[in-house]
Amino acid sequence: MSPTVEDSISLPAPVLAAYSYCETVTGSEARNFAYGIRLLPVAERRAMSALYAFSRRVDDIGDGTLAPEVKADRLGATRDILDRIRDGKVDEDDTDPVAVALADAARRFPIPLRGLDELIDGVLMDVKGVTYETWDDLKLYCRCVAGAIGRLSLGIFGPAPGAPQTEKAAEYADTLGLALQLTNILRDVREDAGNGRTYLPADDLAKFGCSGGFDGPHPPAGSDFPGLVHFEVRRARALFAEGYRLLPMLDRRSGACVAAMAGIYRRLLDRIERDPLAVLRGRVSLPGHEKAYVAVRGLSGFDARQIGRQAGRRRA
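Here the structure is a predicted model, which is why all the values come from computation and not from measurement. Every chain is numbered on its own, with residues counted from 1 as its sequence reads. Per-residue local features are limited, in this predicted model, to residues with pLDDT of at least 70; the limit for side-chain atom pairs, both in listing and counting, is 80 or more; totals at the level of whole chains, interfaces and linings are taken over all residues. The basis for the side-chain values is all heavy atoms of the structure; hydrogens and waters are excluded.

Caption draft 1: View of the environment of Tyr141. Position of Tyr141 relative to the elements: it lies in helix α8 (residues 135-157). For the pair Tyr141 and Asp126, spaced 15 residues apart in the sequence, the C-alpha separation amounts to 9.2 Å. Secondary structure counts use DSSP, requiring at least four H or I residues in a row for a helix and at least two E residues in a row for a strand, with both numbered from the N terminus.

Pasting the structure below:
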């Protein structure tokens, strides 16, 4: 059973302070994510903030400027913290507020913490400079760094009681994470190239003449960069279509949260599709009023009802 607002209000002061720290991190570092989780009840929102703050710590290690061996050591130390949380060895007066908040969230919700081990595994792939020859290769990475977050989130807000086909909820959450991550990869293609990383599959790059990379505001000479982007957009749309089947399985506020976050990324995908070269000129983003519209649409339940009707027609 999910904790109530009253439960969260009665938390010990150190735990409340730890959650407050995590919410501050989330609000300042992940505006799209924070925009979605504000639609959740207090306890779920705090738990999601704890999950984000821990994930952010892992990502920051991978994205930092330290030597690869130092990054690997720090990721190992972060995994040790996760083991302490898993073993119930983090007290409320621990000096690490993220560990305190995540430990409390893990006691209150059935969070599959193994997903955070997968996230660490995925970031280690970045540290080692792994490249991806095929979509199947990239999909493994995306499942670690994004699909796992979808499954972890599902542990917090879970399927609604009595919802149909909930045995597939984790699969849909995982697929929705892949859709979001592929959108991120398209949006950040130039930034990642500047950091020496290429995520798009090598066979896709070769097919569209883009193996030369993306180190400036113009695509490689003689390439079909718009063709590459449109190819990956179609792949992401198929993932969204499958992952959105999660929505009818969630309660109204959880569904609104997921619909808002996914909706923001789908609109980013629309913008990228309309102007593929924009991702080489700078970061594509949505204005605040458009995010607000997506949130209202999600809160209304429109997306969940639409997906539910589509699923019903498929079953018929």
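From this point, the discussion proceeds with the structure in view.
Caption draft 2: Inspection of the packing of helix α2 (residues 13-29) against helix α6 (residues 97-108) at higher detail. Orientation of α2 relative to α6, taken along the N-to-C sense of each, is 105°, at an axis distance of 8 Å. Put simply, α2 runs roughly perpendicular to α6. Facing Pro14, Val15, Ala18, Tyr19, Tyr21 and Cys22 of α2, the residues of α6 in contact are Pro97, Val98, Val100, Ala101, Asp104, Ala105 and Arg108. Comment: axis = line fitted to C-alpha atoms, over the contacting stretch for helices; angle = value between 0 and 180 degrees taken between N-to-C directions. Roughly parallel means an angle under 35 degrees; roughly antiparallel, over 145; roughly perpendicular, 65 to 115; everything else is oblique. Two residues qualify as a contact provided that any one of their heavy atoms is within 4.5 Å of a heavy atom in the partner residue.

Caption draft 3: Broad picture of the packing of helix α9 (residues 169-187) against helix α12 (residues 225-243). Look at α9 against α12: their axes get within 8 Å of each other, and the N-to-C directions meet at 155°. As the angle between them shows, α9 and α12 are arranged roughly antiparallel. In this structure, α9 meets α12 at a crossing whose hand is left-handed. Each of Glu171, Tyr172, Thr175, Leu176, Leu178, Ala179, Leu180, Leu182, Thr183 and Leu186 in α9 lies in contact with α12, whose residues at this interface are Glu232, Val233, Arg235, Ala236, Leu239, Phe240, Glu242 and Gly243. Classes in brief: Ala, Val, Leu, Ile, Met, Phe, Trp, Tyr, Cys and Pro nonpolar; Asp, Glu, Lys and Arg charged; the others, Gly included, polar. A per-class count over the contact of α9 with α12 returns 11 nonpolar, 3 polar and 4 charged. Here a crossing is taken to be left-handed if its near helix is turned anticlockwise relative to the far helix by less than a right angle, and right-handed if that turn runs clockwise.

Caption draft 4: Examining unusual backbone geometry more closely. Phi at Gln165 is positive, roughly 55°, even though this residue is not glycine. Its place among the elements puts Gln165 in the loop between α8 and α9.

Caption draft 5: Local environment of the nonpolar core. Formed by 99 residues in total, the largest nonpolar core has its most connected members in Leu116 and Phe225. For this core, the element with the most residues is α8, which contributes 12 residues. Beyond its immediate stretch of four places on either side in the chain, Phe225 contacts Val189, Cys210, Phe214, Pro219, Pro276, Leu277, Val279 and Leu280. Side-chain atoms within 4.5 Å link the members of a nonpolar core, which is a set of buried Ala, Val, Leu, Ile, Met, Phe, Trp, Tyr and Cys residues. Burial classification: accessible surface area is computed with a 1.4 Å probe over protein chains only, and a residue below 20% of its type maximum counts as buried, one above 50% as exposed, and the rest as partly exposed.

Caption draft 6: Inspection of the pattern of salt bridges at higher detail. Between Lys or Arg on one side and Asp or Glu on the other, a salt bridge is scored when a side-chain nitrogen of the former is within 4 Å of a carboxyl oxygen of the latter. Evaluated as defined, the whole model comprises 27 salt bridges. Linking Arg114 and Asp121 is a salt bridge whose minimum nitrogen-to-oxygen distance equals 3.6 Å. Residue classification places Arg114 among the partly exposed positions, given a relative accessible area of 47%. Owing to a relative accessible area of 27%, Asp121 belongs among the partly exposed residues under this scheme. Residue Arg281 pairs with Asp275 through a salt bridge whose shortest N-O separation is 2.4 Å. Among the charged side chains, a salt-bridge network with shared partners connects Arg79, Asp83, Arg86, Arg114, Asp117 and Asp121.

Caption draft 7: Spatial organisation of the packing of aromatic side chains. The aromatic pairing rule takes the rings of Phe, Tyr and Trp, using the six-membered ring of Trp, and pairs them if the centres are within 6.5 Å, calling planes under 30 degrees apart stacked, those over 60 edge-to-face and the rest tilted. On inspection of all chains with the given rule, the structure shows 6 aromatic pairs. Plain terms: the ring middles of Phe240 and Tyr244 are 6.2 Å apart, the flat faces sit at 80° to each other, and that makes the pair edge-to-face. Grouping residues by exposure puts Phe240 and Tyr244 together as buried. Among the aromatic residues, those joined into a cluster by ring pairs are Tyr132, Tyr141 and Tyr199. A cation over an aromatic ring shows up here: Arg266 above the ring of Tyr244, its NZ or CZ 5.1 Å from the ring centre. For a Lys NZ or an Arg CZ to count as sitting over a ring, it must be within 6 Å of the ring centre and within 35 degrees of the ring normal.

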